[in-house]
There are 2 protein chains.
Amino acid sequence: MDLPGRKKKILQAIIRTYLETGEPVGSRTISKYTDLHLSSATIRNEMSDLEEMGLIVQPHTSAGRIPTDRGYRMYVDELLEGKNQEVEEMKSLLLEHEDHLENLLKQAAKLLANNTNYASLISMPTISGNKIKFIQLSQVDRNHILAVIVIEGNLVRNSMIEVDEALDSEALLKLNMLLNSALDGLAVENISLGLIAAIKKQAGIHSELVSHVMDAAAEAIRTDGRPEIYTSGADNIFKYPELAEQSMASQIIGDFEEKKVLGNIVQNTLADSGGKEGIQVYIGDEVPASARGMEECSVVTTTYDLGGGMKGTIGIVGPKRMDYDKVVDALKTVMHQLEDYYKK
Amino acid sequence: MDLPGRKKKILQAIIRTYLETGEPVGSRTISKYTDLHLSSATIRNEMSDLEEMGLIVQPHTSAGRIPTDRGYRMYVDELLEGKNQEVEEMKSLLLEHEDHLENLLKQAAKLLANNTNYASLISMPTISGNKIKFIQLSQVDRNHILAVIVIEGNLVRNSMIEVDEALDSEALLKLNMLLNSALDGLAVENISLGLIAAIKKQAGIHSELVSHVMDAAAEAIRTDGRPEIYTSGADNIFKYPELAEQSMASQIIGDFEEKKVLGNIVQNTLADSGGKEGIQVYIGDEVPASARGMEECSVVTTTYDLGGGMKGTIGIVGPKRMDYDKVVDALKTVMHQLEDYYKK
DNA sequence: GTTAGCACTCAAACGGTATGAGTGCTAACA
DNA sequence: TGTTAGCACTCATACCGTTTGAGTGCTAAC
């Protein structure tokens, strides 16, 4: 759809002011707000047209207009122009020294929420390759063997395996060598049943132990399939009346705690990370994964890439009338900082 | 304070009905509800007395009475009697097979929230002894050494250490033996500076590596100091009008996401785990740790003990007019199951 | 000590009346 | 033909007085 310039400007003006005030905007307001120097009557005519096109609606007969989902869509796709606001502070604020990726991400989420006044989410990176780098079995006590598995990107998983009796250190050494030489450099999802059988055979009496280790490896993927998600600022939704209403808030809060819906959003973002400059904007019903209760929200996400195939999602959840410019800027800032910080 | 029997019964009746309805209860209601066969006028006189004692109040002149914090306190301390409700379902429901403690706890939290219709919290157990059971360094690649530390109770921590150049396998073996013999069985908080210096000395050129390992061990305690907390059913608060009100809800949700306040509650519970049968009830202002926004809530907690010095907290957050009987039952049920399950 | 009766209070619900923001339409104007 | 002023109309919201009903305190009688 291509709008004539004037309608474009008017739509832009309507949405801009609506973003600020959250209240239906009338023709008179626009008449004064724009530099078009048109009377309110003329604006009314144009508005009438825009309404016919499905870009704006009146909540009731004698009210001003508010954007529809399609209206927002057009705004985001065509009328958005970096306003270069002061997300400056973030640039300096972010990332006091933090060793653990987990804490770094939590901090980033908090920062994002505080600076935008929306709710933020951030997922632990998944590893695309899933190559196994190192495996080690250790005897911890008589009945327990600890399996440590290091995956490309230095992610560590461990699994405590219960055994009937202790292995002697020689057998342990052998098993370790066997596992390492068989699995080193292999992508976890490529481990075939045949390979497992072969290893088991070589392991002889310890075949049961081996299958436990394989289970742990499989689990390492499984937890990557539903990556950990950290959130912050869920309470920010109460700042926006259209979300603060009980049934709405209840559902959103539920989603944020349950994390199932958020997981879907993350999956979606990682899957179709096309979008303008890698930014995804979901408006209202566009929010993926039949997210009950998210109909009144917009979700903006992007993917960060820590190298080594480690990719995660950061995102913002807020009312449809969110400050898209600011949010996009903030996301980009955090994304870049995250990437720089980790690569250094 | 000791109340005469009749006043006791009346107070109990008032609170009971208020817990159910959430609305101020009048004299006529009580007159019919109790088996005392007293007229509403008599009840009114008694009520007037109870009000003078600070156990109940009227929200406004011509309204019924609602309990004060002190009223609730008395109810909980003296008038509560196990009603043995149907928390039956929980007994069968709980705990489908789960290997990971983390998942087990998450599941328990969810169950608790679903069955009570309040918000639940559950903390990862802290380890009181903190005895080190096993340490192992492994060369993962040229520049990384993985330190795995197993603590009594089979909790595993790992820390990736960056090094300038690879150690030969003999040196690694030596270091491992050195660390194990020096630290095995030692409580982490008992590691003295002197001991560290001694180990460093013996480690010779690898002293730097050793200090990294010690840091990781220290970190293992640190994260235990602020244990992970899982929550569920925070959205349940919207079921209770007195909590669903915006400013209130916003703060509670904030607390649940931030987890700082919850952490204080957990600390508190672990500290003074006295209480009737180990159950702690905090009513309104009694909630520990200057919990902003929790004034309208009651918090019921207890401590679970997985053996081996591993203790954690489970709790329920709800409106003051919560069904204390049911909540106490539910907490006990989950606590016992948790303990049984883990010990088996 | 208990109860019936009565006057009184007050939140909440109800209904009618402004108020005002905003519209659509028409007719005049450039 | 596009723009504008003017006017009648709509409708959510606020305001105000009235009614309703639940509940109280007090008093007098049992």
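As a reminder, the structure under discussion sits directly above these lines.
Cut-offs applied
- Residues numbered from 1 in each chain as written.
- Chains lettered and ligands numbered in written order.
- Predicted model: local features only at pLDDT ≥ 70, side-chain atom pairs only at ≥ 80, totals over all residues.
- Heavy atoms only, no water.
- Helix = DSSP H or I, 4+ residues; strand = E, 2+ residues; numbered from the N terminus.
- Buried < 20%, exposed > 50% of the residue type's maximum accessible area, 1.4 Å probe, protein only.
- Pairing = 2+ DSSP bridges.
- Axes fitted to C-alpha atoms, helices over the stretch in contact; angles between N-to-C directions.
- Contact = heavy atoms within 4.5 Å.
- Near = heavy atom within 4 Å.
- Polar contact = N/O pair within 3.5 Å; in protein donor to acceptor, adjacent residues only side chain to side chain.
- Least-squares fit on C-alpha atoms with pLDDT ≥ 70 in both.
- Expected span 1.5 Å × (residues − 1).
- Core = buried A, V, L, I, M, F, W, Y, C linked by side-chain atoms within 4.5 Å.
- Buried area = accessible area lost by both parts, 1.4 Å probe.
- Salt bridge = Lys/Arg side-chain N within 4 Å of Asp/Glu carboxyl O.
- Nonpolar A, V, L, I, M, F, W, Y, C, P; charged D, E, K, R; others polar.
- Parallel < 35°, antiparallel > 145°, perpendicular 65-115°, else oblique.
- Left-handed = near helix turned anticlockwise from the far one by under 90°.

Q: I'd love a proper account of the overall build of chain A, names of residues and values included.
A: Across its full length, chain A carries 13 helices and 11 strands. Within chain A, the proportion of its 344 residues that are buried is 52%.

Q: Can you explain the pairing of strand β5 (residues 132–141) of chain B? Please cite residues and give values.
A: All names here are of chain B. Taken across its 10 residues, β5 has 9 buried, putting it largely inside the fold. Strand direction decides the pairing type here: β5 and strand β6 (residues 144–151), joined by 8 bridges, are antiparallel. Of the residues in β6, the one forming a bridge with Asp141 is His144. In sequence, β5 turns back onto β6 through a hairpin of 2 residues.

Q: Describe in detail the sheet that holds strand β7 (residues 155–162) of chain A, supporting the description with residues and values.
A: Residue and element names in this part refer to chain A. Judged by pairing direction, the sheet is antiparallel, and its 3 strands sit side by side in the order β5-β6-β7 without closing on themselves. For this open sheet the edge positions go to β5 (132–141) and β7, each flanked by a neighbour on one side alone. Mean inter-strand twist for the sheet, computed between neighbouring axes without regard to direction, equals 20°. Here strand β6 (residues 144–151) pairs with β7 via 8 bridges, running antiparallel. Paired with Val150 across the strands is Val156, a residue of β7. Seen against the sheet, helix α7 (residues 169–183) touches β5 and β6 and runs at an angle of roughly 160° to β5.

Q: Tell me what's going on with the protein's contact with DNA strand C, and back it up with residues and numbers.
A: Among the 20 residues in the neighbourhood of DNA strand C, the closest are listed as A:Ser27, A:Arg65, B:Arg6, B:Thr42 and B:Ser62. Counted by atom, the contact set of DNA strand C within 4 Å of the protein is 75% sugar and phosphate. A:Ser27 has a polar side-chain atom sitting 2.6 Å from a phosphate oxygen of DNA strand C. The side chain of B:Thr61 places a nitrogen or oxygen atom 3.2 Å from a phosphate oxygen of DNA strand C. Every element with two or more residues in the surface near DNA strand C is listed here: α3 (40–52) of chain A together with α3 (40–52) of chain B. No other element matches the 4 residues that α3(B) contributes to the surface near DNA strand C.

Q: Requested: an account of the relation of the copies chain A and chain B, with residues and values cited.
A: For the pair chain A and chain B, the best superposition has an RMSD of 0.3 Å and corresponds to a rotation of 180° with a translation of 0.0 Å parallel to the axis. These values place the two chain copies in the arrangement generated by a two-fold rotation axis.

Q: With reference to specific residues and values, describe unusual backbone geometry.
A: Residue and element names in this part refer to chain A. For His37, which is not a glycine, the phi torsion comes out positive at approximately 50°. For His37, the location among the structural elements is in the loop between α2 (27–33) and α3. Residue classification places His37 among the exposed residues on the basis of a relative accessible area of 70%.

Q: Can you explain the sheet that holds β5(B)? Please cite residues and give values.
A: All names here are of chain B. Pairing within the open sheet is antiparallel, and its 3 strands lie in the order β5-β6-β7. In this open sheet, the two strands that pair with only one neighbour each are β5 and β7 (155–162). Mean inter-strand twist for the sheet, computed between neighbouring axes without regard to direction, equals 20°.

Q: Lay out helix α6 (residues 101–116) of chain A with the relevant residues and their values.
A: The end-to-end C-alpha separation of α6(A) is 22 Å, in line with the 22 Å expected for 16 residues at 1.5 Å each. For α6(A), the set of buried residues is A:Leu101, A:Leu104, A:Leu105, A:Ala108, A:Ala109, A:Leu111, A:Leu112, A:Ala113, A:Asn115 and A:Thr116.

Q: Tell me about the nonpolar core, residues and numbers included.
A: Judged by nonpolar contacts, the single largest core of 80 residues is most densely connected at A:Leu11, A:Ile122, A:Leu137, A:Val300 and A:Tyr324. Sorting elements by how many residues they give to this core places helix α13 (residues 324–343) of chain A first, with 9 residues. Setting aside its immediate chain neighbours within four residues, A:Leu11 contacts A:Leu3, A:Leu50, A:Leu55, A:Ile56, A:Met74 and A:Leu79. With 79 residues, the next largest nonpolar core counts B:Leu19, B:Ala147, B:Leu167 and B:Met322 among its residues.

Q: I'd like a description of the interface of chain A and chain B, backed by residues and values.
A: Contacts between chain A and chain B engage 35 residues on the former and 36 residues on the latter. Across the chain A to chain B interface the summed buried area is about 2,800 Å²; carbon plus sulfur atoms make up 52%. Contact with chain B buries area across many residues of chain A, yet A:Phe238, A:Gln246 and A:Glu257 alone supply 19% of it, more than any other trio. Here chain A and chain B share 4 salt bridges between them. With its nearest N and O atoms 3.2 Å apart, the salt bridge here joins A:Glu258 to B:Lys110. Those elements that place two or more of their residues in the side of chain A that touches chain B are α6, β5, β6, β7, β8 (229–232) and α11 (246–258) of chain A. Top contributing element to the side of chain A that touches chain B by residue count: α11(A), with 8 residues. Its residues assigned to classes, the side of chain A that touches chain B comprises 13 nonpolar, 13 polar and 9 charged.

Q: Can you explain the packing of α7(A) against helix α8 (residues 193–203) of chain A? Please cite residues and give values.
A: Residues and elements named next belong to chain A. Between α7 and α8, the least distance of the axes is 11 Å, while the angle of their chain directions is 160°. As summarised for this structure, α7 and α8 are arranged roughly antiparallel, according to the angle between their axes. Crossing of α7 against α8: the hand is right-handed. Note on element contacts: α8 touches α7 through Leu195, Ile199, Gln202 and Ala203, opposite Leu175, Leu178, Leu179, Ala182 and Leu183.

Q: I'd love a proper account of the protein's contact with DNA strand D, names of residues and values included.
A: Neighbouring residues of DNA strand D: 20 residues in total, closest A:Arg6, A:Ser39, A:Thr42, A:Ser62 and B:Ser27. Of all DNA strand D atoms lying within 4 Å of any protein atom, the proportion belonging to sugar or phosphate reaches 78%. Separating a phosphate oxygen of DNA strand D from a side-chain N or O atom of B:Arg65 is a distance of 3.0 Å. Sorting the residues of the surface near DNA strand D by element identifies α3 of chain A together with α3 of chain B as the ones contributing at least two each.

Honestly, it's all geometry; don't read function into it.
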